[in-house]
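Observations on the three-dimensional arrangement
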Amino acid sequence: MTAELVAHGRREYGFPQFQDGLWWQERRPEESGRTAILHEAVEPLAGVDARTRVHEYGGRSYLALPDGGFVFVKEDDQRMYRTSADGQVTVLTPDDGARYADFTLSPDGTEVWCVRESEHAEGVTRAVVAVPLAGGEVRVLVAGADFYACPTASPDGRRLVVLSWNHPQMPWDGTCLQLVQDGTTVTLLGGPGESVLAPVWKDDSSLYVISDRSGWWNLYELAVDGSALRPLCPIDEEFAQPLWELGGRPYGILEDGRLAVLHGRGDQRLAVLDPEDGTLQDLDLPYTTWHPALAVSGSLIAGTAAAPDLPWSLVTVDVAGGWTPVATPVADLPDPIHLPRPSELVARGRSGRSVSAYVYPPSDTSAGPAPYVVFVHGGPTGHVGTDLDLGKAFFTSRGIGVADVNYAGSSGYGRAHRERLRGQWGVADVEDVVAIAEELARAGLADPARIAVRGGSAGGWTVLAAITATRVFSAATSYYGLSTVEGFSEESHDFESRYVSELIGPVDPSTREPLARAHLTSCPVLLLQGLDDPVVPPSQSTRFADALKRAGMPYAYLEFPGESHGFRKQETIIRCLEAELSFYGQCFGFTPPGIPPLDLA
């Protein structure tokens, strides 16, 4: 498996919309990570990078309009633009540095309602605003909270609901569903200990909404007057995922009144839910997991889906029967014999808690215990599923196994599992990752002297914490990982500025942060960092590299100009994968053919 094929397979499709056909946005690594807007597979405005950076993670960056045009956010200035059906482009918002996301058309069709993020000398503020499509002054509809999401108008246009939350809460900790009517704002549902997500109006007097008040993100029907809150299908499964990106909904209303929903533990399946009797029927599809942004029109559903043998693709499904892949990043996959198939491995850590991982054995297992890389996802509220990842096949096709861990704090397994990490970051996550590595060796799958660990962002913190607190791993790779909390809230962006302190808890950070213990690092380290990263600034990697140099530990530090948080460019992805492989070869005792050697300092 070549790094070029892996990079091409990182083309991402998302946020579909039905409006006189199917629209979607598409991130292209081969075009420096540009986000394109497409309508029926045609790009109506070629060459434009349409990317919103609200919360830095962005999300949906466009809204198709009934007149054949669309609005979008341009990456280089974050202003909103309108494109007419004949291709004429006009700017809608002032050049004041504000950012926009989470778009919906006003009931009368004259405005776009959305979230605006503005930075001032005294800090960052957000509001729900109305942007006139004909041009003119932007109006504030709701303000006062630190964060907003999901502005949704009632069918008659008399009421607006929004989600809001305040520091230090994250949207998976606690949000409020607020009703705005006649200049008055009241809270209908939620609070600091309840995560409410994805409101969708059923009619003028009631709406559907997702809440984790039961310990799981389940669907409810809520009367706007507060007289009733009815669970639709109360089960110990998740019907939503964490709100990192704005502008998507994990369910929608079909023409017959039933709901197209996603549900499951870890992987999420597409199903139809009858809100009247609570019956849940999975659709017979080859796809086993979905991105939490569905579009629904009549009996049609559009979304991005994958399976162990199918890459993430844009798919349409007719509930009456049949499905169609609309766009896929890799038209001709390698023979399935070269693609790793996951199996679940459960281990028990030193505290007695169980942790699960998906294991992808190397293609050739005839030589006995193999070298392994333990993957640590970011977030840390992310989660890993069984979807096809050509990046894993890059290693397994070369004799290196992969184990992907759903450690404490991962989403997909209920609120209690997410909250296992609260106050225990750098402890519970490290214990879980180490437990999987030790179980791989105990089961005879991995060579205990050749187990590496790699992760990005919050996963990079776990990687660096693990190698400064244990001696289990023989190599470690950190993609833009945190190494210290000192100064992080001042250096990082506003969205996560209080998050780290909530994860660490009321302890001296130096007792668990990697930088303070860098002199105890137990193995060589590869550090990969984007120089334009507003989430994890480059100083997080450079300071750790300097500490490794002082400690005399072999390391490599690679910087990438023009890359932000999460690498987007094809050449960066290729360089990183080949550097990783050369690095593991040096640590594990082999020389990968055809791969440029990585110099270790």
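The following paragraphs examine the structure supplied in this document. Just so it is clear, the model here is predicted, and its values are computed rather than measured.

Before going further, it helps to spend a moment on the sheet that holds strand β36 (residues 555-560). Within a sheet, neighbouring strands are paired by backbone hydrogen bonds and run either parallel or antiparallel to one another. Spatially, the eight strands line up as an open sheet ordered β29-β30-β32-β31-β33-β34-β35-β36, and their pairing is mixed. In this open sheet, the two edge strands, each paired with only one partner strand, are β29 (343-348) and β36. Averaged over all adjacent pairs, the angle separating strand axes in this sheet is 20 degrees, with direction ignored. Here six bridges tie β29 to strand β30 (residues 354-360), and the two strands are oriented antiparallel to one another. Directly across from L345, in β30, lies its bridge partner A357. Against the sheet, helix α4 (residues 428-442) touches β29, β30, β31 (370-376), β32 (401-406) and β33 (446-456), its axis set at about 110 degrees to β29. This element, helix α8 (residues 539-551), spans β35 (525-530) and β36 of the sheet and lies at about 160 degrees to β36.

Direction vectors running N to C along α4 and helix α5 (residues 458-469) enclose 75 degrees, while the axes themselves pass 9 Å from each other. Of the possible angle classes, the one that applies to α4 and α5 is roughly perpendicular. Facing α4, whose interface residues are D429, V430 and V433, α5 presents W461, T462, A465 and A466. Counted by class, the contact of α4 with α5 contains five nonpolar, one polar and one charged residues.

What follows covers the side chain of T462. Following the sequence through the fold, T462 ends up in helix α5. Those residues within four positions of T462 in sequence are excluded, and the remaining contacts are V376, W425, D429, V430 and V433.

Following H167, the chain continues to P168 via a peptide bond in cis, the omega torsion being 0 degrees. Mapped onto the elements, P168 comes out in the loop between β13 (160-165) and β14 (176-181). With an omega dihedral of 0 degrees, the bond running from G379 to P380 counts as a cis peptide bond. Positioned with a positive phi, Q78 is a non-glycine residue whose angle comes to about 65 degrees. Structurally, the position occupied by Q78 is in the loop between β5 (70-73) and β6 (80-83). You can call Q78 buried: its relative accessible area is 5%. Phi is positive for C150, close to 55 degrees, though the residue is something other than glycine.

Scoring rules and cut-offs
- Residues numbered from 1 in each chain as written.
- Predicted model: local features only at pLDDT ≥ 70, side-chain atom pairs only at ≥ 80, totals over all residues.
- Heavy atoms only, no water.
- Pairing = 2+ DSSP bridges.
- Helix = DSSP H or I, 4+ residues; strand = E, 2+ residues; numbered from the N terminus.
- Axes fitted to C-alpha atoms, helices over the stretch in contact; angles between N-to-C directions.
- Contact = heavy atoms within 4.5 Å.
- Parallel < 35°, antiparallel > 145°, perpendicular 65-115°, else oblique.
- Nonpolar A, V, L, I, M, F, W, Y, C, P; charged D, E, K, R; others polar.
- Buried < 20%, exposed > 50% of the residue type's maximum accessible area, 1.4 Å probe, protein only.

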